[in-house]
Amino acid sequence: GYWTHASLYLGSVEERSPYITTELEKIIPDSINIIEAISSGVVFAHLDKSTDADAIAVLRPYVSSNELANAMECAIGQMNKPYDYDFDCDTDSRIYCTELIYKSYQPHTEMPTFSLFGRNYITADELYNYTVQNDSPDYSLKVVFMSVGE
């Protein structure tokens, strides 16, 4: 598909401080604002590295403060897990990029999974397309920014 990667924006220290416990904040370097699953596993990253692409889209979940805190805690809890090359949302020992988003925001935000060869999965492309197709006041995920290079 067109959209091939997803990462979760944690925010700056100031932005995330209302949602992150002191214990969790201690493990996040101050200059870090992204968590993502890449081939080396789940890692913290800098926004400029994660968005160094020809095209980016920003999807924002409109959830309560408690749900946002739970999502951030869940994502950080996935740190150092290996990459899930099987792309299976039903496993917990490994995780891939969009699965990190999916698991962090479930059950607070509706995100579909699809089945292929007995595995439930979701791709960045499918998540983006689902969000665009369900652009209604009742759906809690919105496209808030998109930039496509030439």
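*Asks:* An account of the packing of aromatic side chains is requested, with residue identities and associated values reported.
*Replies:* The full count for this structure, using the stated rule, is six aromatic pairs. Ring plane angle 85° and centroid distance 6.0 Å describe the contact between tyrosine 83 and phenylalanine 87, whose orientation is recorded as edge-to-face. Tyrosine 83 gets classed as buried once you look at its relative accessible area, which sits at 14%. Look at phenylalanine 87 and you get partly exposed, because its relative accessible area is 37%. An angle of 65° between the planes, with centres 4.9 Å apart, marks the rings of phenylalanine 87 and tyrosine 96 as edge-to-face. An aromatic cluster of three or more residues is present, and its members are Tyr83, Tyr85, Phe87 and Tyr96.

*Asks:* Would you mind going over the environment of threonine 113 in detail, with residue names and values included?
*Replies:* Checked against the element boundaries, threonine 113 lands in the loop between helix H5 (97-105) and strand E5 (114-116). On the accessibility criterion, threonine 113 (31% relative accessible area) is partly exposed. C-alpha separation for the pair threonine 113 and arginine 94, spaced 19 residues apart in sequence, amounts to 17 Å. Threonine 113 has contacts with Cys89, Tyr102, Asn120 and Tyr121, leaving out every residue within four places of it along the chain.

The rules we used
Residues numbered from 1 in each chain as written. Predicted model: local features only at pLDDT ≥ 70, side-chain atom pairs only at ≥ 80, totals over all residues. Heavy atoms only, no water. Phe/Tyr/Trp six-rings, centres within 6.5 Å; stacked < 30°, edge-to-face > 60°. Buried < 20%, exposed > 50% of the residue type's maximum accessible area, 1.4 Å probe, protein only. Helix = DSSP H or I, 4+ residues; strand = E, 2+ residues; numbered from the N terminus. Contact = heavy atoms within 4.5 Å.

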